[in-house]
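One letter stands for each residue in the lines below.
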Amino acid sequence: MANHNNNANRTACLNIAVRQAASLFPGLRAIAVGAALCLLAACSSEDSWNNPYPAAESDQAIYYDSFSGRPKHLDPITAYSADEYIFITQIYEPPLQYHFLKRPYELTTLTAAEMPTPELFDIDGNPLPADTAPDDVGYSIYRIEIRPGIEFQPHPAFARNTSGDYRYHDMQPADLEDIYALEDFEQVGSRELTSADYIYQLKRFAHPHVHSPIAGLMSKYIVGMPALAEELRNTPTGSGADPFLDLRDYELEGVREIDRYTYEIKINGKYPQFVYWLAMPFFSPMPWEADKFHSQPGMAERNITLDWYPIGTGAFMLTENNPNLRMVMERNPNFRGELYPTEGEPGDAGAGFLDDAGKPMPFIEKAVYSLEKESIPSWSKFLQGYYDVSAIASDSFDQAVQFNVQGNAELTEEMLVKGINLLTAVTTSSFYMGFNMTDPVVGGDSERARLLRRAIAIAVDFEELISIFQNGRGMPAQGPIPPGIFGHVEGEAGINPYVYDWENGEAVRKPIEEARRLLEQAGYPGGRERDTGRPLILYYDTLDRGPDSRAMHNWFVKQFDKLGIRLVVRGSDYNRFREKIRQGTAQIFMWGWNADYPDPENFLFLLHGPNAAVADTGDEGANSANYNNPEFNALFDRMKNMDNSPARQTIIDEMVDIARRDSPWLFGFHPVAYSLHHEWYKNAKPNLMANNSLKYKRIDPELRAERRAEWNEPVIWPLVLLAIVIIAALLPAIAVYRRREKSAAL
């Protein structure tokens, strides 16, 4: 009531001011009215002038964030990038997910009733114990039972008429004349999720018109996948750019429906990592009705496709897809509900991450993602309270973060005053500088080449790179496996002894004199060939060619110059760079890898010989350095399908020691993710493997509205000053005008 009275008083006073100004200066009526209206809006509105959202949303549990580019694929069988997973992982539900709070990362159920345990069999179908060696396993079977009662989101693909037939499955061109988007369909429907929906999605790996990035990998493991792909390729289909191919009519040998809620997947051999794929969107359910609905002629021309409109059982559904402006997800009204975890790791309770333990999710009703192509506007809106979370761009880093005397990151006073919180986490990623091991100078397994690579490994100071170019957001890598992944070793036992010494409880890079000594032993004293005296010239191939990359390129040149080596930077576009990697013509390059799943195999396979980029396999291998050590390869083949155990750790340690000795990579660094969030944003614990984290987030909209009003209070005095200046400028003219009027009257 007090606010209402204050607003009424302000309105009355402003009305008086308008009348007085207009009576004194009739020519200023429009100016007076305009200024008064502006002042009235500023004084009477509880929302800031610059609020980009409707006032009605101020008290709602809505999450606000930004995105920088249009997601190309929203179909879970083809999507495979972070900007796509932001959306589809909130909508689609594979059988498994990662526990939100536990570390190391732990799989748990999502739609599955319980965690599947693979059953092992020999080639003749005889059961085997769980600890059977991989070479003795003929095949594995994963039986997955899903929970009953899970419903798909409302969608026109499920709509039926009064006769029970699907309303929109046999549409004619005339039926689409007034259809431009999914919301133009008047009727929607839903149905229960069944095991057949998961089986239908698995068959889509073999669909001739669907191009999944992991189809080749799955063909190696899922029994019968190559045969189904061949059968579908030879199957005549109807007309149209993407005709409907009803996959229910085709059998996939390795996948079997047990009952309405249970299905089995048969895997060649033993592949423990397969369970991680069951937590990825590729293995989400796809109802045949959705495939049929979107495959009709005329749909693709209207962008009514699975790549544009997801259809899932998750907590949210996409209700607005306008990638040139914003993307909006709203709570799925058919969502069954899911309880927030009741346990985590030590410290979670004290940090408030268990305050919502056992409560039904999701906590928010809607998520609004606005397009921000530049980091500065996004950062400004975060500081104004219009985005709930923010990354930290390099340009804004000093404004947000400072380092104390111990070298630890902490927030600046400006951020603390606003109640902003900082969270950091070492990512499950590795960035490295690779040597092309087929190159005659830096490659090969000779002692000369190894000594050259080790010398360079010491000289290139990645600690300095992290400080200068990453604002300290990185952890120097001692090997290929990042923290949080089984096989990573901390402390003195985990350092790379060819590059670091252990001093006073920490890893210290060896002095440059050691690198120069190794270079001389390699036959390049002072950076020159011992026999000819010619300078050693090496080539750094990169896809970075813009002005922002020049500083880093120059920095690399200076690192090699410490040894007297001349480094020539060769920039190219992405396609040309990839071609150089595939053909093995790049000499030295910078590359990186983000974990698909938290297993050491997903990093060590980057150095597995058969995965070499130039291998004659028809596919581009992920081993961009073309490293091929038979001893390493044999250990990898033993390790890759083992369960985590001390025996597996021993093999991993041997492999990492070999890679350190041979130095096909400068192991670089593991990025450290820095994220900021406002005090009204709850359950903000970073989870670098789980992408479906929106359902865990909670917003305090009242506190947010209060802070927005506080931080965006209108500054009125410039308007008042402008009005005074205008009036002062007009007064002489008005006075002359009035004198002339009086003279004319006389």
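Values in this document were obtained by computation on a predicted structure and should not be read as measured data.

Asker: Help me understand a nonpolar patch on the surface, please; the structure alone is not making it clear to me.
Answerer: Residues V715, W717, L721 and V725 make up a contiguous nonpolar surface patch of about 430 Å² in total accessible area. With respect to the helices and strands, V715 occurs in the loop between α20 (701-711) and α21 (717-745).

Asker: What is the right way to look at the packing of aromatic side chains in this model?
Answerer: For any pair of aromatic rings, the description consists of the separation of the ring centres together with the inter-plane angle of the planes. Overall, the coordinates contain 37 aromatic pairs when judged by the stated rule. With 5.4 Å between their ring centres and 70° between their planes, W593 and F605 make a pair best called edge-to-face. With W593 in strand β24 (residues 588-594) and F605 in the loop between α17 (601-604) and α18 (630-639), this residue pair connects regions lying 12 residues apart in the sequence. A relative accessible area of 23% places W593 in the partly exposed class. When the centroid spacing of 5.9 Å and the interplanar angle of 40° are considered together, the rings of W680 and W711 count as tilted. A residue pair is termed long-range when its members are at least 10 positions apart, and W680 in the loop between β25 (665-677) and β26 (681-682) and W711 in helix α20 qualify at 31 residues.

Asker: Help me understand the pairing of strand β8 (residues 262-268) in this model?
Answerer: Two faces make up the sheet, and in a regular strand the side chains alternate between them. Counting buried residues along β8, five of its seven residues qualify, which places the element largely inside the surrounding structure. Note that strand β7 (residues 255-259) and β8 share four bridges and pair antiparallel. Opposite V255, over in β8, you have I265 as the bridge partner. Connecting β7 to the next strand, β8, in antiparallel fashion are two residues.

Asker: What should I look at first to understand the pattern of salt bridges in this one?
Answerer: Opposite charge on two side chains makes pairing possible when the charged atoms of those side chains draw close. Per the counting criterion, the structure on display carries 38 salt bridges. Linking D348 and K685 is a salt bridge whose minimum nitrogen-to-oxygen distance equals 2.9 Å. Taken as a pair, D348 in the loop between β11 (338-339) and β12 (360-361) and K685 in the loop between β26 and β27 (698-699) lie far apart in primary sequence, 337 residues in all. On the accessibility criterion, D348 (3% relative accessible area) is buried. K685 gets classed as buried once you look at its relative accessible area, which sits at 6%. The network of salt bridges with shared partners includes E447, R450, R661 and D662.

Asker: Explanation requested: unusual backbone geometry in the structure shown.
Answerer: Peptide bonds are trans in most cases, and residues, glycine excluded, mostly fall at negative phi. For the peptide bond that leads from R103 to P104, omega is 0°, which places it in the cis range. Relative to the elements of secondary structure, P104 occurs in the loop between β2 (96-98) and β3 (107-109). For the bond running from M361 to P362, omega is 5°, close enough to zero to count as cis. The backbone of N504 shows a phi angle near 55°, a positive value even though the residue is not glycine. When you line up the elements, N504 lands in the loop between β20 (500-503) and β21 (506-509). The exposed category is assigned to N504, whose relative accessible area is 81%.

Asker: Just checking my understanding: could you explain the packing of helix α12 (residues 447-459) against helix α14 (residues 512-521) for this structure?
Answerer: The relative placement of two packed helices comes down to the angle between their axes together with the axis-to-axis distance. In the contact formed by α12 and α14, the axes pass within 8 Å of each other and the chain directions differ by 160°. Classified by the angle between their axes, α12 and α14 sit roughly antiparallel to one another. Taken as a pair, α12 and α14 cross one another with a handedness that is left-handed. Contacts from L451, L452, R454, A455, I458 and A459 of α12 reach α14 at I512, E514, A515, L518, L519 and Q521.

Asker: Got a minute to help me understand the sheet that holds strand β4 (residues 119-121) in this structure?
Answerer: Strands pair in a sheet through their backbones, by hydrogen bonds, and they do so in one of two ways: parallel or antiparallel. If you trace the five strands from one edge of the open sheet to the other, you get β5-β4-β6-β8-β7, paired in antiparallel fashion. Each edge of the open sheet carries a strand with a single partner, namely β5 (127-128) and β7. Pairing of β4 with β5, which is carried by two bridges, proceeds in the antiparallel orientation. Among the inter-strand pairings, L120 is bridged to a residue of β5, identified as L128. Sheet strands in contact with helix α4 (residues 195-204) are β7 and β8, and its direction is about 175° off that of β7.

Asker: I would appreciate a short explanation of the side chain of D65 in the present structure.
Answerer: Within the secondary structure, D65 sits in strand β1 (residues 62-67). There is no salt bridge for the buried D65, and the closest opposite charge comes from K697, which lies 9.6 Å off by N-O distance. Setting aside residues up to four positions removed in sequence, D65 forms contacts with V368, Y369, S370, Y387 and V389.

Asker: Would you mind going over the nonpolar core with me for this structure?
Answerer: Soluble globular proteins: nonpolar side chains tend toward being buried together. In this structure, F205, I222, F274 and F283 are the most contacted members of the largest nonpolar core, which totals 114 residues. Of all the elements, helix α19 (residues 646-662) adds the most residues to this core, at six residues. Not counting residues within four places of it along the chain, the set of residues in contact with I222 comprises L202, L252, V255, I265, K266, I267, F274 and F283. The next biggest cluster of nonpolar side chains, apart from the first, holds 35 residues, and it includes V442, A457, F462 and L666.

Asker: What is the right way to read the packing of α18 against α19 from this model?
Answerer: Packing of α18 against α19 leaves a shortest axis separation of 10 Å and a crossing angle of 155°. By the angle between their directions, the pair α18 and α19 is classed as roughly antiparallel. The hand of the α18/α19 crossing is left-handed. Here E631, F632, L635, F636, R638 and M639 of α18 come into contact with α19, specifically with R648, I651, I652, E654, M655, I658, A659 and R661. Residues belonging to the contact of α18 with α19 are distributed by class as follows: nine nonpolar, no polar and five charged.

Asker: Just checking my understanding: could you explain the environment of A425 for this structure?
Answerer: Within the fold, A425 resides in strand β17 (residues 421-426). In this structure, the C-alpha to C-alpha distance between A425 and P483, residues 58 residues apart in sequence, is 9.9 Å.

Asker: What is the right way to look at the environment of A625 in this model?
Answerer: Structurally, the position occupied by A625 is in the loop between α17 and α18. With relative accessibility at 0%, the residue A625 sits in the buried group. When the C-alpha positions of A625 and G443 are compared, they lie 9.0 Å apart, and in sequence the two are 182 residues distant. Residue contacts for A625: discarding those within four places in its chain leaves F435, N436, M437, F589, P664 and W665.

Asker: What exactly am I supposed to notice about helix α3 (residues 82-91) here?
Answerer: An α-helix turns once per 3.6 residues; consequently, residues spaced three or four apart project the same way. Burial of α3 is extensive: seven of the 10 residues sit out of reach of the surface. The set of residues buried in α3 consists of E84, Y85, F87, I88, T89, Q90 and I91. Close packing links the buried residues of α3 with β9 (316-322), β10 (326-331) and β13 (366-371).

Rules used in this analysis
- Along each chain, numbering runs from 1 in the same order as the chain's sequence is written.
- Thresholds applied to this predicted model are a pLDDT of at least 70 for local features of residues and 80 or more for the giving and counting of side-chain atom pairs; totals over whole chains, interfaces and linings are not thresholded and use all residues.
- Note: side-chain values were computed over all heavy atoms of the structure, leaving out hydrogens and water.
- Exposure above 30% relative accessible area and the lack of any salt bridge qualify a residue for a patch; like charges then connect within 9 Å, and the nonpolar side chains Val, Leu, Ile, Met, Phe, Trp and Tyr within 5 Å.
- The accessible surface values rely on the Shrake-Rupley method and a 1.4 Å probe; as for residues, cover is taken only from the protein chains in view.
- We count a salt bridge whenever a side-chain nitrogen from Lys or Arg sits within 4 Å of a carboxyl oxygen from Asp or Glu.
- In this text, helices come from DSSP runs of H or I with a minimum length of four residues, and strands from runs of E with a minimum of two, each type numbered from the N-terminal end.
- Each Phe, Tyr or Trp ring, with Trp reduced to its six-membered ring, pairs with another whose centre is within 6.5 Å; inter-plane angles below 30 degrees give stacked pairs, above 60 give edge-to-face pairs, and intermediate values give tilted ones.
- Residue burial is assigned from relative accessible area. The probe radius is 1.4 Å, only protein chains are included, and a residue is buried under 20% of its type maximum, exposed over 50%, and partly exposed in between.
- When DSSP finds two or more bridges between a pair of strands, those strands are recorded as paired.
- Convention adopted: a line fitted to C-alpha atoms gives each axis, helices being fitted over their contacting stretch, and angles between N-to-C directions are expressed from 0 to 180 degrees.
- Angles are sorted into four bins: roughly parallel if under 35 degrees, roughly antiparallel if over 145, roughly perpendicular if 65 to 115, and oblique for all others.
- In this scheme, a crossing is called left-handed if the near helix is turned counterclockwise away from the far one by less than a right angle; it is called right-handed if the turn is clockwise.
- Residue contacts are defined here by distance: any two heavy atoms, one from each residue, within 4.5 Å place the two residues in contact.
- Positive residues here are Lys and Arg, negative ones are Asp and Glu, while His and the chain termini are left out of the count.
- We define the nonpolar core as a collection of buried residues of types Ala, Val, Leu, Ile, Met, Phe, Trp, Tyr and Cys that are connected through side-chain atoms lying within 4.5 Å of one another.
- Each residue gets one label: Ala, Val, Leu, Ile, Met, Phe, Trp, Tyr, Cys and Pro are nonpolar, Asp, Glu, Lys and Arg are charged, and the others, such as Gly, are polar.

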